[in-house]
Amino acid sequence: MDIVDARVERILNAAGDAPSVLNTQPWRVATSDRTVTLRADPSRQLRHSDPHGREMLISCGAFLFNARVAARRESLNAVVTVLPDPEDDLLVAQIALEPGDDPGDDELELSVAIEHRTTSRVPFEDRPLPADVLVAIQRAAYAEGASMRTIQPSDPSRPEVLALVRRAEAVAAEDMAARDEETAWTATWPGRDDGIPEHLLGRAPTNPDAPVRRFNASRGREPFERHSTLAVLTTPGDSPRDWVAAGQALEHALLVATTHFVHASFATTVLENPTTRHDLRQALSLHAYPQMLMRLGTSPQAERTPRRTRPRHDAVRPWTPWRSRPTA
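Residues numbered from 1 in each chain as written. Predicted model: local features only at pLDDT ≥ 70, side-chain atom pairs only at ≥ 80, totals over all residues. Heavy atoms only, no water.

Caption draft 1: Structural view of the overall build of the chain. The secondary structure content of the chain amounts to nine helices and 13 strands. Taking 2.2 N^0.38 as the reference for a compact globule, 328 residues should give roughly 20 Å; the C-alpha atoms of the chain span a radius of gyration of 19 Å, in line with that estimate. Taking all contacts inside the chain whose residues are at least 6 apart in sequence as the whole, residues at least 24 apart take part in 74%. Entry remark: accessible area of the chain is about 14,500 Å², with carbon and sulfur atoms responsible for 52%. Placing the 39 positive and 46 negative side-chain charges of the chain at their respective mean positions leaves the two points 2 Å apart. (Helix = DSSP H or I, 4+ residues; strand = E, 2+ residues; numbered from the N terminus. Rg over C-alpha atoms; globule rule 2.2 N^0.38 Å. Contact = heavy atoms within 4.5 Å. Areas by Shrake-Rupley, 256 points an atom, 1.4 Å probe, with all protein chains shown as cover. Lys, Arg positive; Asp, Glu negative; His and termini not counted. Charge placed at Lys NZ, Arg CZ, Asp CG, Glu CD.)

Structure below.
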C-alpha cells in the first residue's frame, strides 16, 4: 500500500487497536484521495454465534470511533457517513478527512488511551466503580447515541443476570459448532496476529457468581471478585445502524474508562443466544436493546492481544495530500 501521507497510516493503525469479538478484527479499509472506506470483512465473521453480523458491526463501530479520535490527534476532522449504501451491507462507513484545528486536551487524552486500553480477564478489585468514574463512562456512551445500564452488587436483578450468563455458556458448551468456532479464535499459536492467545484467556473462576466469561480453553482456576460493576450497553433500536453506533459508544466508553485506569472484560455469549438475550432484556426491564454486557473494574495492566500490522486493504490509490491540491 502506497500512502503518501503518513498521518493516514497512523490513523489506520490506531483504529486497528479497537476491541473486536474474540479479537477477530473483522474489518478492511481502502483509501482514495482524502477518503477512508471502512468495510466489514465476512471472512472474519463468527458465522455460528453471530449469524446476522451484529457483533461484527459492533467491532467495526469501535474501529470507526478510534479512527475519529486518531484523526483529531493529527489535527484532522473525520466527517463520517455511516452505512452510505443500502445495496452494500458490508460498507460500514466512509470517512472524509479534512483539515482541522489542533486537538484539545480531552481529545489528546482519548487518543493516548487507545494505546493503553486492554481487555482484562483477571480478577478485579472487589468493589464497584466510584460514582464519578461511572458517570463519566456513561456520558461517553450517551454521546454516541447509546445508554449504559449498570448492575451493581446490590441490584436485585444481578443474580438473574449472572444465571443467564451461565445458562448461555452451558448451552454453547454443548453445541459442537459453537465450541469449534470459539476454539478457532482462542488459545492461538505464538506469532498469530489475531485471536486470543491462551495465556490471555484468564483462568476459570472457582465461584459460580463470578461476573466473567468462561472460555473452553482456559487453563487453571482461581476465585474472582463478586462486587465489581456490571454494565449493559443498549441502543434504542436493533438495526445494523444501531450496531455500528453501539461499537462507537462502546469504544468511547472504554477509552474514557482507560483514562481512569479502569479495565473491562466482556460476557458476549448471553447476547449471542436469542433466548437469553431476550430474557436479559426482560430481567432488566429494558426498553432498549442490549448490545454488550461487560464487567468494569481495576486490575493490573493486562498484556494486549495481538494485532495485524495494519488492517487488510482493498484496492488502494495513493493518498493526495491537501498541500498538493491546487488553490482556487
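Caption draft 2: The packing of helix α2 (residues 54–73) against helix α3 (residues 105–116), seen in detail. Where α2 contacts α3, the axes come no closer than 9 Å and their chain directions differ by 125 degrees. In terms of orientation, α2 and α3 fall into the oblique class. Classified by chirality, the crossing of α3 by α2 is left-handed. On α3, the residues that touch F65, N66, V69, R72 and R73 of α2 are E107, L108, L110, S111, V112, I114 and E115. (Axes fitted to C-alpha atoms, helices over the stretch in contact; angles between N-to-C directions. Parallel < 35°, antiparallel > 145°, perpendicular 65-115°, else oblique. Left-handed = near helix turned anticlockwise from the far one by under 90°.)

Caption draft 3: Local environment of the sheet that holds strand β5 (residues 147–151). On the basis of which strands lie adjacent, the open sheet formed by four strands has the order β5-β10-β12-β11 and antiparallel pairing. Only two strands of the sheet have a single partner each, and these edge strands are β5 and β11 (263–266). On average, each strand axis in the sheet is inclined to that of its neighbour by 35 degrees, with strand direction left out of account. Bridge count for strand β10 (residues 229–235) against strand β12 (residues 289–297) is seven bridges, and the pairing is antiparallel. Across the sheet, the residue bridging to T229 is L296, located in β12. (Pairing = 2+ DSSP bridges.)

Caption draft 4: Looking closely at the nonpolar core. Of all hydrophobic cores here, the largest spans 59 residues; its most connected members are L233 and M294. A total of 12 residues in this core trace back to one element, the largest contributor, which is α2. In contact with M294, not counting residues within four places along its chain, are M148, T229, L230, A231, L233, L250, L254, S265 and F266. Ranked by size, the runner-up nonpolar core spans 16 residues in total, among them I151, L164, L271 and L284. (Core = buried A, V, L, I, M, F, W, Y, C linked by side-chain atoms within 4.5 Å. Buried < 20%, exposed > 50% of the residue type's maximum accessible area, 1.4 Å probe, protein only.)

Caption draft 5: Geometry of helix α5 (residues 158–173). The end-to-end C-alpha distance of α5 is 23 Å, a good match for the 22 Å that 16 residues give at a rise of 1.5 Å each. Of the positions making up α5, those classed as buried are R158, V161, L162, L164, V165, R166, A168 and E169. (Expected span 1.5 Å × (residues − 1).)

Caption draft 6: Broad picture of the pattern of salt bridges. Under the counting rule described, the total for this entry stands at 17 salt bridges. Residue D17 pairs with R304 through a salt bridge whose shortest N-O separation is 3.7 Å. Of this pair, D17 sits in the loop between α1 (6–15) and β1 (27–32) while R304 sits in the loop between β12 and β13 (312–313), and the two are 287 residues apart along the sequence. Among the residues examined, D17 registers a relative accessible area of 17% and is labelled buried. R213 is the salt-bridge partner of E182, the closest N and O atoms lying 3.2 Å from each other. Placement of E182 in helix α6 (residues 176–185) and of R213 in the loop between β8 (204–205) and β9 (221–222) is noted, with a sequence separation of 31 residues between them. On the basis of relative accessibility, which here comes to 10%, the residue E182 falls in the buried class. A cluster of three or more residues bridged by salt bridges with shared partners is formed by R44, R192 and D194. (Salt bridge = Lys/Arg side-chain N within 4 Å of Asp/Glu carboxyl O.)

Caption draft 7: Summary view of the confidence of the model for the chain. Within the chain, residue pLDDT values average 91, and 93% of them lie at 70 or more. Contacts of residues 315–328 to residues separated by more than four positions or lying in other chains number 31 contacts, the stretch itself having pLDDT below 50. (pLDDT = per-residue confidence, 0-100.)

Caption draft 8: Expanded view of the pairing of strand β4 (residues 91–99). Note: strand β2 (residues 35–40) against β4, five bridges, orientation antiparallel. Pairing of T37 across the sheet is with Q94, part of β4. As paired elements, strand β3 (residues 76–82) and β4 share seven bridges and run antiparallel to each other. Residue pairing in the sheet places T81 in a bridge with Q94 of β4.

Caption draft 9: Focus on the packing of aromatic side chains. Applying the stated rule across the entire model yields one aromatic pair. On the basis of an interplanar angle of 45 degrees and a centroid distance of 5.0 Å, the ring pair of W27 and F63 is categorised as tilted. Taken together, the residues span a long stretch of sequence, with W27 in strand β1 and F63 in helix α2 at a distance of 36 residues. With respect to burial, W27 and F63 carry one shared label: buried. A cation over a ring is seen here: R192 above W189, with NZ or CZ 4.7 Å from the ring centre. In this structure, R295 is placed above the aromatic ring of F124, and the distance from its NZ or CZ to the ring centre is 3.6 Å. (Phe/Tyr/Trp six-rings, centres within 6.5 Å; stacked < 30°, edge-to-face > 60°. Lys NZ or Arg CZ within 6 Å of the ring centre and 35° of its normal.)

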